[in-house]
Amino acid sequence: MFAKKYKTIFDGDSLWAKIEGEQSQIYDWNESTYIKHPPFLTMSPHKVADINDARVLALLGDSITTDHISPAGSIKISSPAGQYLFAKGVKPEDFNSYGSRRGNHELMMRGTFANIRLQNEMVPGVSGGQTICLDDNQPMSIYDAAERYRQNDTPLVVVAGKEYGTGSSRDWAAKGTRLLGVKAVIAESFERIHRSNLVGMGVLPLEFMPATTRKTLNLTGREIISIQGLQSGVKPKMILNLIAQGDETQTVPVLVRIDTEDELQYFLAGGILPFVLNKLATA
């Protein structure tokens, strides 16, 4: 029975036989909307430097979960991800879900911070992945704002409250954050796995010192943020200076939540994937 069933396993059925294709070592994906080569799979040198004149992409409260951050569920046609698929010729009934398209970073980054329950304090009373792009003071989706800032080479930060990144360990919560151009997440405290995932993607987790919060600093998200002290060398749990320029300029210390020497090596390489690729190349 085994021999009979498996003798023709590679022949396929009549539908398979009708598919046209060329024999080669790799598959020609063309413009696949399911799989794309992500930019964080790189061996390019990574330079660690101070973060100067950054803008706040989102000002968030306590207990922001990885479900708030990571793309999940169905894809709405009105969303940046839905518009991306529609422009590629995909019919709305064929959008499928974020989970099924997690191999396409272009789609996943458009769904990062797009959860309908996300409350960004920069746009009071508005739910969902919205923010203010301070280049022209216009409300827009977090993805569209990140793209606008990218065009002007403006670095980005996210500011949050306690327990940032709680919930399940969703790798795209960190990957999407990195792809949006976020250089650092500044929070009162972190969930341990998401903190580690941020480091693994080359995003700097920074923790406010005790008794310092976004509220005690009266942050509105409209400030220009700089992080100084990285230029002279990064060490686990070192102290850096956060400078927030708004109506007044405030300088406060923040704790680097790179906790171990191994994590430091990942961060200095630009993330764990470049670290591994470079190590394999020199083995």
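Going by the structure above, here's the rest.
To keep things clear, this report deals only with the structure shown in the data block. (Residues numbered from 1 in each chain as written. Predicted model: local features only at pLDDT ≥ 70, side-chain atom pairs only at ≥ 80, totals over all residues. Heavy atoms only, no water.)

Some remarks on the environment of Ala87
Put simply, the rule reads: Where helices and strands are cited, they refer to DSSP runs of H or I of at least four residues and of E of at least two residues respectively, numbered from the N terminus.
Tracing the backbone through its elements, the reader meets Ala87 in helix H4 (residues 80–87). The spacing of Ala87 and Asp144 is 57 residues in sequence and 16 Å in space, taken between C-alpha atoms.

Quick word on the pattern of salt bridges
Here is the rule: Every case where a carboxyl oxygen of Asp or Glu lies within 4 Å of a side-chain nitrogen of Lys or Arg is listed as a salt bridge. For every residue, the accessible area (1.4 Å probe, protein chains only) is compared with the maximum for its type, and the residue is labelled buried under 20%, exposed over 50%, or partly exposed between those bounds.
Summed over the entire model, instances satisfying the criterion amount to 13 salt bridges. Among the salt bridges present, the one from Arg102 reaches Asp171, with a minimum N-O distance of 2.7 Å. Here Asp171 lies in helix H7 (residues 171–179) and Arg102 lies in the loop between H4 and helix H5 (105–110), a separation of 69 residues in the sequence. Accessibility expressed as a relative area gives 39% for Arg102, which makes it partly exposed. A single network of salt bridges, built from pairs that share partners, joins Arg195, Glu207, Arg257, Asp259 and Glu263.

Considering helix H6 (residues 142–151)
Formally: The reported arc concerns the directions from the helix axis to the C-beta atoms and nothing else. Throughout, a contact is declared for two residues whenever any of their heavy atoms are within 4.5 Å.
Taken together, the buried positions of H6 are occupied by Ile142, Tyr143, Ala145, Ala146 and Tyr149. The buried residues of H6 occupy an angular sector of 160° when the element is viewed end-on, so they sit on one face. Contact partners of the buried residues in H6: strand E1 (51–59), H4, H5, strand E2 (130–133), strand E3 (138–141) and strand E4 (156–159). Looking at the residues trailing H6, positive phi occurs at Asp153, about 55°.

Overview of the packing of aromatic side chains
Rules: Pairing of aromatic rings covers Phe, Tyr and the six-membered ring of Trp, with a centre-to-centre limit of 6.5 Å; geometry is then stacked below 30 degrees between planes, edge-to-face above 60, and tilted otherwise.
Counting across every chain of the model gives four aromatic pairs. Their ring planes at 25° and their centres at 4.5 Å tell us that Phe2 and Tyr6 sit as a pair that is stacked. On the criterion of helical spacing, the pair formed by Phe2 and Tyr6 is a turn pair, its members being four residues apart in helix H1 (residues 2–6). Overall, Tyr6 belongs to the partly exposed group, its relative accessible area being 46%.

Some thoughts on the packing of helix H9 (residues 261–269) against helix H10 (residues 272–281)
Each pair of packed helices can be described by the angle between their axes along with the distance between the axes. Stated formally: Only the stretch in contact is used when fitting a helix axis, every axis being a line fitted to C-alpha atoms; angles between N-to-C directions are given from 0 to 180 degrees. In this scheme, roughly parallel covers angles under 35 degrees and roughly antiparallel covers those over 145, while 65 to 115 is roughly perpendicular and the rest are oblique. Residues were grouped as follows: Ala, Val, Leu, Ile, Met, Phe, Trp, Tyr, Cys and Pro as nonpolar; Asp, Glu, Lys and Arg as charged; and all remaining residues, including Gly, as polar.
Interhelical geometry of H9 versus H10 gives an angle of 90° and a closest axis separation of 7 Å. When the axes of H9 and H10 are compared, the pair comes out roughly perpendicular. On H10, the residues touching Gln265, Tyr266 and Ala269 of H9 are Ile272, Pro274 and Phe275. Within the contact of H9 with H10, the residues separate by chemical class into five nonpolar, one polar and no charged.

Let's talk about the layout of surface pockets
Quick reminder of the rule: Put plainly, a pocket is an open set of points on a 1 Å grid over the protein atoms alone with protein on both sides within 12 Å along at least five of seven lines, a cavity is a set where a 1.4 Å probe fits but cannot get out, and a lining residue has an atom within 4 Å of a point. Grid points are joined across faces, edges and corners, and a volume is the space filled by probe spheres set on the points.
The volume enclosed by the largest pocket comes to roughly 790 Å³. Of all the secondary structure elements, the ones that give two or more residues to the lining of the largest pocket are E1, H5, H6, H7 and strand E5 (182–187). Looking at the lining of the largest pocket residue by residue, the class counts come to 17 nonpolar, seven polar and seven charged. Considering only residue class, the lining of the second largest pocket consists of 10 nonpolar, 13 polar and four charged.

Digging into the pairing of strand E9 (residues 249–256)
What counts, and what does not: Strands are labelled as partners when DSSP assigns at least two bridges between them.
Across three bridges, strand E6 (residues 204–208) lies against E9 in antiparallel orientation. Bridged to Leu206 within E9 is Val256. Pairing analysis gives seven bridges linking strand E8 (residues 239–245) to E9, with the strands arranged antiparallel. Paired with Gln245 across the two strands is Thr249, which belongs to E9. Connecting E8 to the antiparallel partner E9 that follows it, the hairpin turn spans three residues.

Coordinates in, geometry out; function isn't part of it.
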